[in-house]
Every structure is written in structure tokens, then in C-alpha cells.
Number of protein chains: 2
Amino acid sequence: MREGRALASLRSDDGAEQLAHDGFETALSTLLETWNITSDQPIIACGMVGAAKGWVKAPYGVVPCRPLAQNLVSAPSKRFHVQVIAGLRQTTPSDLMHGDETRIAGFLSLNPDWDGVICLPGRHSTWVQVSAGEVISFQTYMSGELLALLTGGSVLRASIDGNVWDEATFDFTVEETLSKPEKLAARLFAIHADDVLNGIAPAVGRARLSGLLIGAELAAARPYWLGTNIAIIGTDAATLPYARALQTQGAPATVTDAERMTVAGLTVAYRHWQANR
Amino acid sequence: MREGRALASLRSDDGAEQLAHDGFETALSTLLETWNITSDQPIIACGMVGAAKGWVKAPYGVVPCRPLAQNLVSAPSKRFHVQVIAGLRQTTPSDLMHGDETRIAGFLSLNPDWDGVICLPGRHSTWVQVSAGEVISFQTYMSGELLALLTGGSVLRASIDGNVWDEATFDFTVEETLSKPEKLAARLFAIHADDVLNGIAPAVGRARLSGLLIGAELAAARPYWLGTNIAIIGTDAATLPYARALQTQGAPATVTDAERMTVAGLTVAYRHWQANR
């Protein structure tokens, strides 16, 4: 990074799910092999790296608080100078985030004085109420993980293509699930039955499953998104169905790129750290 | 079998999910190795063996109809005389069953003139409206498969023990999900968050997940179970949470053993076949 801009980037699938507590230094070393990183160059890290099963446990900020409420925590490393961003936790109802706080801080640094609700979809999606620069409350959903589990290993797998979706089917299914959320459980197996009995296009199967899961999430998150500013932070693939579903509910959202917000948030954290060292 | 009673039984995990179309004869041959089965002894089969991916595709009965509405279909075998029971299908909403029709026929043979709703829990659970000896309509749910997927491979896996459950937590969660089904999606990740932040007993985690899934199923199946006779057919482990959840909703159910109903249903099918050959 230089002056808040990324000069280059590297990517690895090694994360807290894959690595043991003492595996982070080696993984980072492998990833950064081609870069000439000295032990005094600061590395700012966010995400599960700061969770109990990460590299170092960074004590949570407790909402309501600023997204980067806590000081950075040094990871135990001889080779690198790693500073870890703490996640946030909520007491009632119980909830926690690791990484989204950084994207929220990035979003707020680019949109000062922004109040409203931020939706961060992904494997787990989080809805976050933001006011006066603070995270007021948040709620995490498992829709992305459920979609992956059902697409990968359930009776529905033969009826779903992960790469295409039928928009009209998606719209209809979201609307139906929002208006009768109690019918959700009855509509999952019907995707399989419809496929066996009538044959359905894989794009339709995917749109039905996605519409059911996102519809159920929107039903539960209604107090978050009804009648307020909404921003969605994520990859194109993750944000698209959420933006579409909200649009059809008369709740248009601003869509922003997760990587850009992460870089902006890491920059905020770096400047805090530099000012306080 | 002799005169409607099982003399001995054998069990194998080889089924339509594991076997190719031409693998059934060998699998059956291996299973029956120690029995001296001649090629003229009738073998009556039910379940996925009669599905498109089974041994022989047995044309579905279409509801409303008797549970064993169709004639048995011979499987293509040189070594064995196998007669396969057809499943049932429903046109609107699309649904299908393979095997439950046999247990329902068994139940009705032991309880003639019984009208009401039969619930058959398992990997997929089916709710069946029965009147005047016919299956009127049915609805299949994926709760058992969802429980297995979430217990086996999701972020919730560390918070759940599959062998124990806390009854009070289960009762509370079913009640909560039935009264606010739109909140379902918000309550899944909370099991993980509660465990990380406060620590919860694995029996409590299991009861919460099971209560959420069965609560959502009961919410969708309410038109089936409200104000009618209910019978549950399944294994002890499968029927217990359903019986308990219905009981707390003021809808007590008769619980019967799946294996006993299967044997009774196979006997009914055998007698039909013998009378019509």
C-alpha cells in the first residue's frame, strides 16, 4: 500500500478454517515469498485472523461503538510485524463479526456522515445499523452457507446450476417467501419434485433456492431494511441477488465493492495505529 | 416372511443412492448370501428401488388414490423374482414418495377405517392426508437432511452434539419458530455466536437447531396437523421430537414403528399380487 492505495495484491485460500494457531506465520511467509517484506514494515490484518481460532485473539469491540473501536493487537511473529484488527460483538442477541467492521470503517471513511443500514452478503451475510459513525446493532445470517450446502450435497443438487439463474423466478420466489415466510420449509423439496416430475431448467432451480433463502433472510431482516438508506458491500456475485430483491421490494440500495472497502478500512486502521504508536 | 410375519431380517446400506441401475442384483445377491432363495420365491420391494434411478422405474400412482394403487412391477433379474411397489406422485404442488406409501398401506391394514394425517419423519419427512383408505394429498420436507448438513459441515458443527438434546430448549424454540416463522433465518447463526460468546451445552445447541427446523416444518404443515387425528410412523429417534413438538401444540399423536408398518405394508402388497397373478 502507499498513501491509501493498493500497489499490488496477492491472494491465498489459507485462512483460519484451514490453519492451526501456529500455521499463520508460515502461510503468510509462503504468500509473500516474491515480495521483499522486512520485519519492520507494518502488515495490517483483519478477519478471522483475530478470532479465538486465529493467529491472535483480539478482544472484541462491543456495540454500540465505532467499527474500529479497539486498538490493533500484535500477532506473535518473529519474521513479520503484523497488527490485527479486532472484530465486534453484540450482547443481545448474541452476534459477532470478523472483517466486516473493516469494510464498514472503509465505507464510512469514503462516505462520512452516512447513516443507514449496510448489508454485507457472503458465506455469512451481516446487516448492520450505522448511525453517527457507530455500529448500533447487527444481525448475521447463514444464507450463503446454506446455499452452498444444499447445492453441493443435498437431494436438490441435480436440479441446480450454480452459475446461472432465472430472474423472473427469483423475483417471484422472493416475493412469495416474504409474504408467507411460514411456507418456506414446504418449498425446498418441491424444487426436486418439480424437477423429477416436470423437468425444470437448472437456472430455474438455482433461482428458486436462492429466492427462498434470500427471501427468508429479508423476512427476518425487515426491521433493518424497511424505510432507510441501504448500502450493500460485497463481490458482484454476492451483491447482485440482494440488490435485485431489495429493489423489487421498493428498497433500492447503493452497491459497493468489498475489496475496495477492505482496502479503505485497512488504511483507516493503519492511520489510527500510526497516530497512536 | 410367513403369514404376515417376519421370520428373519437382513440389512444393508446399499440403496439407490449408492447403486448403479445394474448394481441391484449383485447387491441383493450379496445381502441374501446366507439365505437359500430360489428364483421362484417372490421378493417384494419398496422405496427408491422403484424410482427412475432405481432398479426398475415403477409408474407412480397419482393422488388421490389408495397407497398401493398400482400393480407391482417386475425388476429385470435372472436370479430373483423381484416385485417392486410403485411410489405416489402429486401434481399440484409437485411431490413424490417412495416407500412411505407401503408404510401407510401397512398402517391402514392394521387400523382399518382410520382417517386423519400421517407424519413420516426421516431424512425427508412427509405429511399425508388420509381419508376413506386413500391418500388425498401429501407434502415433503427436508428438515432431516438440513439437520444432517448443518450438523455435519457448517459453522454450527462445533456447537451441536447429535446424541443429546435439552427438552426445555427444544420446546421453547419450536414455540418461538411457530409463532414468528419469519425470524427463522436470524436464529441459525445465533447458535454459533451464543456458543462463542457465552458457551452453550452441545445438548442445547442441538435442541435449538432441531427446534428451529421442526418448528419451521410445523409452521408450514399447520394446515395438515391442526384439529385432526395424527399418527407418526418412524424410528424412535425420528418420531420423538415430532411427537413432543405436536404434544406441546395441543395436538397429541399416535406413534408407531416404521419397520412394523413396512412389514405390514409389504404383506398387503404381496397378498394383492398373489390374488391378481
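Residues numbered from 1 in each chain as written. Chains lettered and ligands numbered in written order. Predicted model: local features only at pLDDT ≥ 70, side-chain atom pairs only at ≥ 80, totals over all residues.

A. Layout of the relation of the copies chain B and chain A. Superposing chain B onto chain A takes a rotation of 180° plus a shift of 0.0 Å along the axis, which leaves an RMSD of 0.0 Å. In the structure described here, the two chain copies are related by an operation that fits a two-fold rotation axis. Mapped onto chain A, 100% of the interface residues of chain B again fall at the interface, so both copies present the same surface. (Least-squares fit on C-alpha atoms with pLDDT ≥ 70 in both. Contact = placed C-beta atoms within 7 Å.)

B. Structural view of the sheet that holds strand β8 (residues 125-131) of chain A. All names here are of chain A. With mixed pairing, the five strands of this open sheet are ordered in space as β9-β8-β7-β10-β11. Each edge of the sheet is formed by a strand with only one pairing partner; in this case those strands are β9 (134-141) and β11 (254-257). For this sheet, the mean angle separating the axes of adjacent strands, direction not counted, is 20°. (Pairing = 2+ DSSP bridges. Helix = DSSP H or I, 4+ residues; strand = E, 2+ residues; numbered from the N terminus. Axes fitted to C-alpha atoms, helices over the stretch in contact; angles between N-to-C directions.)

C. Layout of the interface of chain B and chain A. Contacts between the two partners involve 35 residues from chain B and, on the opposite side, 35 residues from chain A. Elements with a minimum of two residues in the side of chain B that touches chain A: β6 (95-97), β9 (134-141), α3 (143-153), α5 (184-198) and α6 (202-220) of chain B. It is α5(B) that contributes the most residues to the side of chain B that touches chain A, eleven residues altogether.

D. Region of the structure containing the pairing of strand β7 (residues 116-120) of chain A. All names here are of chain A. Among the five residues in β7, four count as buried, and that is most of the element. Strand direction decides the pairing type here: β7 and β8, joined by five bridges, are antiparallel. Each bridged residue has a counterpart across the sheet, and for Leu-120 the counterpart in β8 is Thr-126. Linking β7 to β8, which pair antiparallel, is a turn of four residues. Two strands pair when backbone bridges link them, and β7 and strand β10 (residues 230-234) are joined in this way by three bridges, in the parallel orientation. (Buried ≥ 20, exposed ≤ 12 C-beta atoms within 10 Å, placed from the backbone.)

What is shown is where atoms sit, not what they do.
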